[in-house]
Amino acid sequence: HGKYYGKLANDESVLVPQDEKVIAGIKKSMEQTKESTRENGGHASKNGEVLEWEEGPMPQAGYTADDKLFVNSNIIPFKIKGEKRNVDIMEVTVAWHVHGDVKYRDKTYSDDKILAGYGTPSRKDKILASQYGTKNANISWIVVGLRDKKVSFYNGKRILGTITYDSFEQLSKSNKK
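For clarity, every value in this text was computed on a predicted model and none was experimentally measured.

Draft legend 1. Broad picture of the nonpolar core. Counting residues in hydrophobic clusters, the biggest one holds 16 residues, and the most contacted among them are Ile26, Met30, Ile142, Val144, Val151 and Phe168. Among the elements of the structure, helix H1 (20-36), strand S9 (92-99), strand S12 (140-145), strand S13 (150-154) and helix H3 (165-173) are those that each provide at least two residues to this core. Counting residues per element, this core draws most heavily on H1, which supplies four residues. Once residues lying within four places of it in the same chain are set aside, the contact partners of Val151 are Gly119, Ile142, Val143, Val144, Gly161, Thr162, Ile163, Tyr165 and Phe168. Among the nonpolar cores identified, the runner-up in size contains 13 residues, and Trp53, Phe78, Ile80 and Ile89 belong to it.

Draft legend 2. View of the layout of surface pockets. A volume near 410 Å³ is recorded for the largest pocket. What lines the largest pocket is a set of 24 residues, and nearest its centre among them are Glu39, Ser73, His99, Ser122 and Asp125. Elements represented by at least two residues in the lining of the largest pocket include exactly strand S6 (69-72), S9 and helix H2 (123-133). Among the elements that line the lining of the largest pocket, the one with the most residues is H2, at three residues. Looking at the lining of the largest pocket residue by residue, the class counts come to 12 nonpolar, nine polar and three charged.

Draft legend 3. How the structure looks around the packing of aromatic side chains. Following the criterion strictly, the structure yields five aromatic pairs and no others. Ring plane angle 75° and centroid distance 6.5 Å describe the contact between Phe78 and Trp141, whose orientation is recorded as edge-to-face. Residue Phe78 is located in the loop between S6 and strand S7 (79-80), and its partner Trp141 is located in strand S12; the two are separated by 63 residues in the primary sequence. The pair formed by Phe78 and Trp141 is uniform in burial state, with each residue classed as buried. Here the aromatic cluster, defined as three or more aromatic residues joined through ring pairs, consists of Trp53, Phe78, Trp141 and Tyr154.

Conventions we followed
- Residues numbered from 1 in each chain as written.
- Predicted model: local features only at pLDDT ≥ 70, side-chain atom pairs only at ≥ 80, totals over all residues.
- Heavy atoms only, no water.
- Core = buried A, V, L, I, M, F, W, Y, C linked by side-chain atoms within 4.5 Å.
- Buried < 20%, exposed > 50% of the residue type's maximum accessible area, 1.4 Å probe, protein only.
- Helix = DSSP H or I, 4+ residues; strand = E, 2+ residues; numbered from the N terminus.
- Contact = heavy atoms within 4.5 Å.
- 1 Å grid on protein atoms, 1.4 Å probe; cavity = no way out; pocket = protein on both sides within 12 Å on 5 of 7 lines; lining within 4 Å.
- Points joined across faces, edges and corners; volume = space filled by probe spheres on them.
- Nonpolar A, V, L, I, M, F, W, Y, C, P; charged D, E, K, R; others polar.
- Phe/Tyr/Trp six-rings, centres within 6.5 Å; stacked < 30°, edge-to-face > 60°.

Here it is as structure tokens:
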């Protein structure tokens, strides 16, 4: 389904997907998120199955106690057609989701302030990855940022590597079997 690249953070490796169905799934998630601003994603299994997750809710803006603007946007991994699937996590090779380019007007700024859409996993993203990682699964977790056009590979502890989306596409095309 892809090629493993090592020597990233702490000598860990990630799977850069090269299967055309996986790449098509990631691109579809990007298009859906671009259209709706909601998070979209999916996963692929060792058997070649690629499943699209149910789109997340509309992003919500709010203010912290110290008056800082924040955006809450999310997706429930492995929720497909209204139900959270009991997935054999040992069979999952790659899981991805897309952060939408969300803009809100902060009361302290006259221009729209961009708060989401970066290819950096949130704290919640890493927590989820760590919950699944405790089962010794070897999943490449990927987040794509529509705002900055970056792709990050991460686990429950850290970002393992970040590249531009253009580089991701090139790596995905290279060394296909």
